[in-house]
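Summary of the model geometry
Spelled out from the first residue to the last, the chains are:
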Amino acid sequence: MSCRASPWSRPSLPAGPRFPTSARPRFPLGSRNLWRNPILKNSWTLGAGVSNMFALPSRLFSCMASSGSGDGGFARPTSTDEAVAPLPLYSWPDKQRPRVCILGGGFGGLYTALRLESLVWPSDKKPQVVLVDQSDRFVFKPMLYELLSGEVDVWEIAPYFTELLKNTSVQFVRDSVKLLRPSDHFRREPGEPCTGGVVHLESGTVIEYDWLVLALGAEAKIDVVPGSAEYALPFTTLDEALRVESKMKMLERKRFGKSTPAIEVAIVGLGYSGVELAATISERLKNTGTVKAINVQTTICPTAPQGNRDVAVKVLESRNIQLFLGYFVSCIKEASASDDSSSTVTDSEVDGDHNKLILDLQPAERGLKGQTLEADLVLWTVGSTSQIPRLQPPDAPNVIPLNGRGQVETEETLQVKGHPRTFAIGDSAALRDPSGKLLPATAQVAFQQADFAGWNLWAAINDRPLLPFRFQNLGEMMTLGRNDAAITASFIDGLTLEGPLGHAARKLVYCLRMPTDEHRVKVGISWFTKTAIDSLASVQNAVANSFPLPTPMGDDSTTNHSSPAAAAMDPDSEVVFDFPPYICQYKSGRVHRPGGAPTVPAGTDPATGVVSKDIRAGPASVRVYLPPGATGKIPVVVYFHGGGFVVGSPARPGTHNYLNDLVARSGAIGVSAYYRLAPEHKLPAAYDDAWAALRWAATLGDGAEPWLLDHADLSRVFLAGCSAGANIAHNTAVRASAPGALPDGVALRGLALVHPYFTGSEAVGGEAGFGPEIRGFMDRTWRFVVSETVGLGDPRVNPFVDDTARKASAGIPCERVLVCIAENDFLLKERGLWYHREIKANGYAGELEEIFESKGVGHAFHFDMLDSEQGVELQERLVAFIKK
Ligand SMILES: Cc1cc2nc3c(=O)[nH]c(=O)nc-3n(C[C@H](O)[C@H](O)[C@H](O)COP(=O)(O)OP(=O)(O)OC[C@H]3O[C@@H](n4cnc5c(N)ncnc54)[C@H](O)[C@@H]3O)c2cc1C
């Protein structure tokens, strides 16, 4: 096709090599008539005099598979020529308007397309734009880590191009770029044809263009040391991230329910990517595994601003991460079956799904000794490589100028050196800043370059001067887990945002950076909703910070007072009530819950596949859990967390993990109740909320909760709780015995009380050894959490105190009762034994299961030791109770 005559499409071409006769596409894809005659267009073949650079052997046609959308399409050949088959030619919708081909739909390519779309064009000059990408999704790479932490859904960070471009005139072609044949470096005589060149796609399709944008990014360079390509996984694309996620899940499932062996993940490289992965994975593994992070340098993230590095070091040091600094990995291999050092190899070989890997570490620093590490999974974050060198035609290599890293050298205008119609941006391009420093391969650079590339295309097409690109460093951000991040803004010297604030700020910035208004809004709403639901828990938790449940009284902690700092902040710092380590109240009425643990949002639990959501349940709220692959009707466990009625929440990490585990093992639906906490909301507020949660479950969420509607077997409802939660479970069961309290057909199949919080004014069993201070403390704390009470004679905390209480307690409408105690639960063990004795003695008509004692552990140990032998035993006991 000849050059479009319009002057706007033809910038003055610099002097350069003359177009070689053999390759000169005088009418490279046929004559102008080709466009006018669809039959000709579709049956186009190469003439003998035309270079066969556009032809492929006909056998290759059988595997062509390109797709277009909208007006754009392909001219499919019909020739049956056996020797040289014609190539399908991408058919531009308009014969006159300039044709812009963008290769790669990442931060560079997609945002250039959107920028071109947003500019105001003279009506006859608006270019037709085709965007080619091998994938059907744009990937917001900086948030790939959040797929591992479960914070984002795939659609949020990897929307489909067709969705993003549906309201634009940009055509999307899913195909792989195979070969680049630019022709804009040839010097032409005036009037000679001047297309920008052609691109060959993997499917065989050829796209002829006037303007080209190269934005193919970079891919992980993995074939670096022996074994790295076979055994290590990269983490640079959506597919790679999903592969890592599925490998993690596989390891977690394999270990699920066992206390050993620990999952070992090795991360090679501690630049940004390695540090972010180490932080994310270590947070996910918690105490179920270890991250081994290896870096050739003796520092992490050497190019990061000091503030970010300091925050990252702090976070990494606080996690289960072993750092191997000053080492390089020289080889990765599979542990041999005979290698005794790898206990899991034999297991895994039986399973056939994974073997331990061995990493040989060589010292990169003097004084260090070589090491050998074991890992179940190796993630490789070192090095990347540009695609461009491979796309150069073998008969004319290096037509496109490349630097030593294979990136395309560009002018400041982002035009490829010597190629006025080709722009290159993003990771596959090389541009130096005025100080001579190569711009980093970051989304920030690609994003800003896209803006300039769009503008400069507009300028070139409209014969205006092109602008030199100037990178504006806005700062750097890194994620360090679900609630942690480090952000350094370049425009505020020395400021580093960290922790939850940094995390929220990073998410906000990324939300604003999402492509298209529509997607931005969708993601914004989605994240806001998730955050709002999470906040429901956080608000309560912010007030009622999560703490371990009571420690034995009488130890030194009972005399502990609130921190001097907290006291100093209070205008009236006299402590009127101290319930260490949970809470203290000042004379002013201010309540202080020192310290605190982060809440975890509901969502999919990567380890078990259990899904959860927070939802309003009448006047209360609940976190509901559904086991993976739930089919048919399954039991419902209504659960009440502990915390002395003053702290705790379903969103507390320990409680949330516990529920995920219980639900996965038992195959039941979990309904974990958010209840109001004392002293702001004294009892019976918590009892009322608990009752609302049970009523809600028993009415299938007022007939509107799909998980309950589909799966809840209301003839198998269980009440369960730990410590104060067990007290609540018992009192809820008592309330359920009132006639008509629960809808017809709802049966309370069981009541499970773990380390229940009951007390009384008379010592029972081994409590005889308690000093008077213990009884006084129990009395004070009970009075602190309840609005009106007679003290320790209150049947709500002393369920067998008198005949009425005994009758009510023994009359609970639960078919079975299970009581669990802990050997070292100094304060409450005797009350568990007592409850078990008394309920039987007072004529409980149901089935009282044998008491279950966990040996060598204390009160509510299982929230921190879920994977311990005793934790698993306790959980299995409860599961058996539910499944019976
Ligand atoms: C895990 C991770 C985290 C990151 N975090 C940050 C961060 O926090 N901040 C930051 O600034 N940068 C970050 N980066 C870097 C940033 O993502 C890249 O610099 C940026 O994506 C580069 O944009 P690009 O358009 O050049 O390439 P890409 O975004 O990689 O896009 C290239 C596109 O080209 C397509 N493509 C490649 N080859 C072909 C082919 N042969 N045919 C057709 N299509 C092809 C790909 O499918 C892809 O869609 C991160 C990168 C990764 C991998």
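Everything discussed here concerns the structure shown above.
Residues numbered from 1 in each chain as written. Predicted model: local features only at pLDDT ≥ 70, side-chain atom pairs only at ≥ 80, totals over all residues. Heavy atoms only, no water.

1. Quick look at the site of the ligand
Around the ligand, 27 residues are found, and the nearest of them are Gly-108, Asp-133, Lys-141, Gln-387 and Asp-427. Measuring from an oxygen atom of the ligand, one finds a backbone N or O atom of Thr-442 at 3.4 Å. With three residues, the top contributor of residues to the shell around the ligand is helix H13 (residues 443–461). Split into classes, the residues belonging to the shell around the ligand amount to 11 nonpolar, 12 polar and four charged. (Near = heavy atom within 4 Å. Polar contact = N/O pair within 3.5 Å; in protein donor to acceptor, adjacent residues only side chain to side chain. Helix = DSSP H or I, 4+ residues; strand = E, 2+ residues; numbered from the N terminus. Nonpolar A, V, L, I, M, F, W, Y, C, P; charged D, E, K, R; others polar.)

2. Here we look at the packing of helix H9 (residues 272–285) against helix H10 (residues 306–318)
One way to put it is that H9 packs onto H10 with a least axis distance of 10 Å and a crossing angle of 35°. Crossing angle aside, the handedness with which H9 passes H10 is left-handed. Here Tyr-272, Val-275, Ala-278 and Ala-279 of H9 come into contact with H10, specifically with Asn-308, Ala-312 and Leu-316. Taken together, the residues of the contact of H9 with H10 sort by class into six nonpolar, one polar and no charged. (Axes fitted to C-alpha atoms, helices over the stretch in contact; angles between N-to-C directions. Left-handed = near helix turned anticlockwise from the far one by under 90°. Contact = heavy atoms within 4.5 Å.)

3. Digging into unusual backbone geometry
A negative phi angle characterises most non-glycine residues, just as the trans form characterises most peptide bonds. Here Ala-678 and Pro-679 are connected by a cis peptide whose omega angle stands at 5°. Relative to the helices and strands, Pro-679 resides in the loop between strand E33 (669–674) and helix H18 (685–698). Cis geometry is found at the peptide bond from Leu-683 to Pro-684, where omega equals 20°. Checked against the element boundaries, Pro-684 lands in the loop between E33 and H18. Phi is positive for Cys-301, which is not a glycine, with a value near 40°. With respect to the helices and strands, the residue Cys-301 is situated in the loop between strand E13 (289–295) and H10. With relative accessibility at 1%, the residue Cys-301 sits in the buried group. Phi at Ser-723 is positive, roughly 60°, even though this residue is not glycine. Within the secondary structure layout, Ser-723 lies in the loop between strand E34 (712–722) and helix H21 (724–736). (Buried < 20%, exposed > 50% of the residue type's maximum accessible area, 1.4 Å probe, protein only.)

4. Some thoughts on the pairing of strand E8 (residues 206–209)
Because side chains alternate across E8, one face comprises the buried residues Val-206 and Glu-208, and the other comprises Ile-207 and Tyr-209, equally buried. For strand E7 (residues 197–201) and E8, the ladder comprises four bridges, and the chain directions are antiparallel. Note that in E8 the partner of His-200 across the bridge is Val-206. (Pairing = 2+ DSSP bridges.)

5. Description of the sheet that holds strand E27 (residues 575–579)
Sheet architecture is open: three strands sit in the order E27-E28-E29, paired in antiparallel fashion. Where the open sheet ends on each side, the last strands, each with one partner, are E27 and strand E29 (591–592). Judged from the four bridges that link them, E27 and strand E28 (residues 583–586) form a sheet pairing that is antiparallel. Within E28, the residue paired with Val-575 across the bridge is Tyr-586.

6. Examining helix H3 (residues 109–118)
Counting buried positions over the 10 residues of H3 gives seven, a clear majority of the element. Taken residue by residue, H3 has Gly-109, Leu-110, Tyr-111, Thr-112, Ala-113, Leu-114 and Leu-116 as its buried positions. Considering only its buried residues, H3 is in contact with strand E3 (99–103), strand E4 (128–133), helix H6 (161–164), strand E9 (211–214), H13 and helix H14 (499–513).

7. So, the pattern of salt bridges
In this structure the tally under the stated criterion is 45 salt bridges. For Glu-498, the salt bridge identified is with Lys-314, shortest N-O distance 2.7 Å. Here Glu-498, found in strand E26 (residues 496–498), pairs with Lys-314, found in helix H10; they are 184 residues apart in sequence, far enough to count as distant. Residue classification places Glu-498 among the partly exposed positions, given a relative accessible area of 35%. A salt bridge links Glu-853 to Lys-829; the shortest N-O distance between them is 3.3 Å. Linking Glu-853 in strand E38 (residues 852–854) with Lys-829 in helix H24 (residues 829–841), this pair joins segments that are 24 residues apart in sequence. Here the residues in one salt-bridge network are Arg-816, Glu-847, Glu-849, Arg-877 and Lys-884, joined through shared partners. (Salt bridge = Lys/Arg side-chain N within 4 Å of Asp/Glu carboxyl O.)

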